[in-house]
Structures are given as C-alpha cells and as structure tokens.
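# Observations on chain architecture
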Amino acid sequence: HEEDRRKEQEQEKAINDGVQALLRESIVNNYNKYNSKGYCPIYAKEAVRRSFDAYTKLGGNDVAHGLYDKIIKMPEEPEKKEDDKHE
C-alpha cells in the first residue's frame, strides 16, 4: 500500500526533524548557560558532545555547530581570581 508507506515516511521525517530541533535547542541552551558563566564543566561538555553527535547524525549542521565548538573550547572550571589565591 503506497499511501501507507508515504504516511510512514512522513512520520519518520517528522520524528527526525523534531528530535533534531530538540537537540539543537539543547545545544543552544547549554551554550547560553555556560557562556554566561564563562566556563563549562567536563560533565556538561560530555552531555553536549552526545547531543551534538546525535544532532549531526540526524542531518543537523547549522548554527549549533559553531556553538558546539565554542562550548568545547570553554575552560572547564571558573577562572581563579587574585583574591582566591591564599599565599
């Protein structure tokens, strides 16, 4: 049944597009969160890596790619201030 197959393909594409959009949103939200903090902990980077991997496998490759690169390059701990050093 050609009509059933077409509907199945449309549903698969809708699911793919929806998951891709959710993953993109997650990457953007993580970028905004950690960019404002000035660092991104290693556990958060790992979660973003997994999201980005799935995102690209689903065909995503837009602004999220640049944000992903920026997240990965962020320091993993907050910058130490001179006042924080106890010498």
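Look above for the structure.
Residues numbered from 1 in each chain as written. Predicted model: local features only at pLDDT ≥ 70, side-chain atom pairs only at ≥ 80, totals over all residues. Heavy atoms only, no water.

## Some points on the nonpolar core
For clarity, the threshold we go by: Note on terminology: a nonpolar core comprises buried Ala, Val, Leu, Ile, Met, Phe, Trp, Tyr and Cys residues joined through side-chain atoms within 4.5 Å. Working definition: with a 1.4 Å probe on protein chains only, accessible area under 20% of the residue-type maximum means buried, over 50% means exposed, and in between means partly exposed. Secondary structure is summarised from DSSP: a helix means a run of H or I of at least four residues, a strand means a run of E of at least two, and numbering begins at the N terminus for each. Contacts: residue pairs with any heavy atoms within 4.5 Å of one another.
Counting residues in each nonpolar core, the largest one holds 14 residues, and the members touching the most others are I27, C40, Y55, I71 and M74. The set of elements that each furnish at least two residues to this core consists of helix 1 (2–37), helix 2 (42–57) and helix 3 (63–73). In this structure, M74 is in contact with Y31, Y34, N35, Y39, C40 and K45, ignoring residues within four places of it in sequence.

## A word on helix 2
Residue pairs spaced three or four apart in an α-helix point in one direction, given the helix's 3.6 residues per turn. Definition in use: Every helix has an expected span of 1.5 Å times one less than the residues it contains.
A rise of 1.5 Å per residue sets the reference length of helix 2, with its 16 residues, at 22 Å; its end C-alpha atoms lie 23 Å apart and thus fit the reference within 8%. Turning to helix 2, the residues buried within the fold contact helix 1 and helix 3. Just beyond helix 2, the residue with positive phi is G59, at close to 100°.

## Quick look at the pattern of salt bridges
Just so we agree on the cut-off: Think of a salt bridge as a Lys or Arg side-chain nitrogen and an Asp or Glu carboxyl oxygen that are within 4 Å of each other.
Counted under the stated rule, the structure contains nine salt bridges. For E10, the salt bridge goes to R6, with nearest N and O atoms at 2.3 Å. Of the two residues, E10 and R6 are both situated in helix 1; the distance of four residues between them amounts to about one turn of the helix. Here R6 falls in the partly exposed class, since its relative accessible area comes to 36%. A salt bridge links D62 to R24; its shortest N-O distance comes to 3.0 Å. Here D62 is found in the loop between helix 2 and helix 3, whereas its partner R24 is found in helix 1, with 38 residues between them in sequence. Residue D62 is classed as partly exposed on the basis of its relative accessible area of 35%.

## Looking at the packing of aromatic side chains
Rules: Any pair of Phe, Tyr and Trp rings, taking the six-membered ring for Trp, is counted once the centres come within 6.5 Å. Such a pair is stacked with planes under 30 degrees apart, edge-to-face with planes over 60 apart, and tilted for the rest.
Going through the model one piece at a time under the given rule, you end up with two aromatic pairs. Note on F52 and Y55: the rings are 6.2 Å apart at their centroids and 35° apart in plane angle, and the pair reads as tilted. Here Y55 and F52 lie together in helix 2, a separation of three residues that amounts to about one turn. For the pair shown, F52 and Y55 are each scored as buried. When the ring of F52 is compared with that of Y68, the centres are 4.1 Å apart and the planes differ by 5°; the resulting orientation is stacked. With F52 in helix 2 and Y68 in helix 3, this residue pair connects regions lying 16 residues apart in the sequence. There is no split in this pair, since F52 and Y68 are both buried. Among the aromatic residues, those joined into a ring-pair cluster are F52, Y55 and Y68.

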